[in-house]
Amino acid sequence: MLKVKKWMVNPCQECTHVVSDETGEAVIIDCGVFYDNERRNLLKYIEEEQLRPVRLLLTHAHHDHLYGNDLILKHFGLYPEVHEAELGMMQHFLPLRIKEIYGDNYPYTIPMPQRCFKSRELITFGHHVLKVIHTPGHSPGSVVFYCHAEKIAFTGDTLMSMSIGRTDFPGSDHEQMVESLELLTHFLHEDTVIYPGHGGKSTMAHERACNPFL
């Protein structure tokens, strides 16, 4: 059975998730920890639960979803992984955006991916599998990580409770977002629990019924 630990962190109130099972293996999704106490709490949880992180996954490469990547590289030797369509955003747009926000005062390094995953790729850890669903719109390589066995989806900034991600950023595309949302409404069962990149968790049944963007 999957165990999902969520923190709402950094100035953008981003959701960082550590997902593990009974084997102790874990994946870290969108590690946005920024402040010292956030970073300490993440490491403390992993230590107390005796977890072994094996993948560092990004739903997309916006700055608020990866502030903690240097921490994970330092302690666990894991580089971030993004969809292949997001690599350009991470290599070129991200450093410019960090510079725009923090000037020369950004306190961390920005590790770059050593590998990228593809659409429909299966990511295994412990006894579980996450399927990569490519959902461009908020960014070119936005993805959802879906565990069919447990009916859980990590939707990043594609789909949130009663909302969706913005499509006015560089690399965003409103028409692609519409297509991605249609894909999710057909692909994810109604009883799927969604864990978005901001805000609280929800279900696909609730979003279909109440989310004005669907």
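Everything below is about the structure shown above.
Computed from a predicted model, the values in this text were never measured in an experiment.

(A) Summary view of the layout of surface pockets. Its volume calculated, the largest pocket comes out at about 270 Å³. His62, Asp64, His138, Asp157 and Phe169 are, among the 14 residues lining the largest pocket, the residues nearest its centre. In the lining of the largest pocket, the residues fall into five nonpolar, five polar and four charged.

(B) Layout of the pattern of salt bridges. In total, this model carries 11 salt bridges according to the counting rule given. For Glu121, the salt bridge goes to Arg115, with nearest N and O atoms at 3.0 Å.

(C) Up close: the side chain of His17. By the secondary structure assignment, His17 is in strand S2 (residues 14-20). Residue classification places His17 among the buried residues on the basis of a relative accessible area of 3%. Apart from the residues lying within four places of it in its own chain, the contact partners of His17 are Val4, Lys5, Lys6, Val27, Ile28, Ile29, Phe154, Tyr195 and Pro196.

(D) Structural view of empty space enclosed by the protein. Under the criterion given, the structure shown has one cavity of 30 Å³ or more. By volume, the largest cavity is sized at about 40 Å³. Looking at the largest cavity, the residues that line it are Cys15, His17, Ile29, Asp30, Thr59, Phe154, Thr155, Gly156, Tyr195, Pro196 and Gly197. For the lining of the largest cavity, the elements supplying multiple residues, two or more each, are S2, strand S10 (152-156) and strand S13 (193-196). In terms of residue count, the dominant contributor to the lining of the largest cavity is S10 (three residues). Classifying every residue of the lining of the largest cavity gives five nonpolar, five polar and one charged.

(E) Up close: the sheet that holds strand S9 (residues 143-147). Sheet architecture is open: six strands sit in the order S7-S8-S9-S10-S13-S14, paired in mixed fashion. Here the strands that pair on one side only, and so sit at the sheet edges, are strand S7 (122-125) and strand S14 (202-203). Lying on the sheet, helix H4 (residues 174-187) is in contact with strand S8 (128-134) and S9; it crosses S8 at an angle near 145°.

(F) Representation of the pairing of strand S3 (residues 25-29) within the structure. With four of five residues buried, S3 is to be regarded as a mostly interior element. Where S2 meets S3, four bridges bridge the pair, whose relative direction is antiparallel. From the neighbouring strand, His17 faces S3, where its bridge partner is Ile29. Strand direction decides the pairing type here: S3 and strand S4 (residues 52-57), joined by five bridges, are parallel. Opposite Val27, over in S4, you have Arg55 as the bridge partner. Of the crossover connections in this fold, the one passing from S3 over helix H1 (residues 36-48) to the parallel S4 is right-handed.

(G) Fine view of H1. For H1, which comprises 13 residues, the first-to-last C-alpha distance of 18 Å matches the rise-based estimate of 18 Å (1.5 Å per residue) to within 8%. Turning to H1, its buried residues are Glu38, Arg39, Leu42, Tyr45 and Ile46. Along the long axis of H1, the arc covered by the buried residues comes to 130°, so they all point the same way. Exposed side of H1, more than 90 degrees from the buried face: Asp36, Arg40, Glu47 and Glu48 are the residues found there. Elements that come into contact with the buried residues of H1 comprise strand S1 (3-9), S2, S3, S4 and helix H2 (69-76).

(H) Structural view of the packing of aromatic side chains. Taken as a whole and assessed by the stated rule, the structure comprises 12 aromatic pairs. Judged by centre distance (5.3 Å) and plane angle (50°), the ring pair of Tyr102 and Tyr106 falls under tilted. Judged by relative accessible area, which is 19%, Tyr102 ranks as buried. Among the aromatic residues, those joined into a cluster by ring pairs are Phe34, Tyr35, Tyr67, Tyr102, Tyr106 and Tyr108.

Definitions and cut-offs
- Residues numbered from 1 in each chain as written.
- Predicted model: local features only at pLDDT ≥ 70, side-chain atom pairs only at ≥ 80, totals over all residues.
- Heavy atoms only, no water.
- 1 Å grid on protein atoms, 1.4 Å probe; cavity = no way out; pocket = protein on both sides within 12 Å on 5 of 7 lines; lining within 4 Å.
- Points joined across faces, edges and corners; volume = space filled by probe spheres on them.
- Nonpolar A, V, L, I, M, F, W, Y, C, P; charged D, E, K, R; others polar.
- Salt bridge = Lys/Arg side-chain N within 4 Å of Asp/Glu carboxyl O.
- Helix = DSSP H or I, 4+ residues; strand = E, 2+ residues; numbered from the N terminus.
- Buried < 20%, exposed > 50% of the residue type's maximum accessible area, 1.4 Å probe, protein only.
- Contact = heavy atoms within 4.5 Å.
- Pairing = 2+ DSSP bridges.
- Axes fitted to C-alpha atoms, helices over the stretch in contact; angles between N-to-C directions.
- Right-handed = clockwise from strand over helix to strand, strands pointing away.
- Expected span 1.5 Å × (residues − 1).
- Arc of directions from axis to C-beta.
- Phe/Tyr/Trp six-rings, centres within 6.5 Å; stacked < 30°, edge-to-face > 60°.

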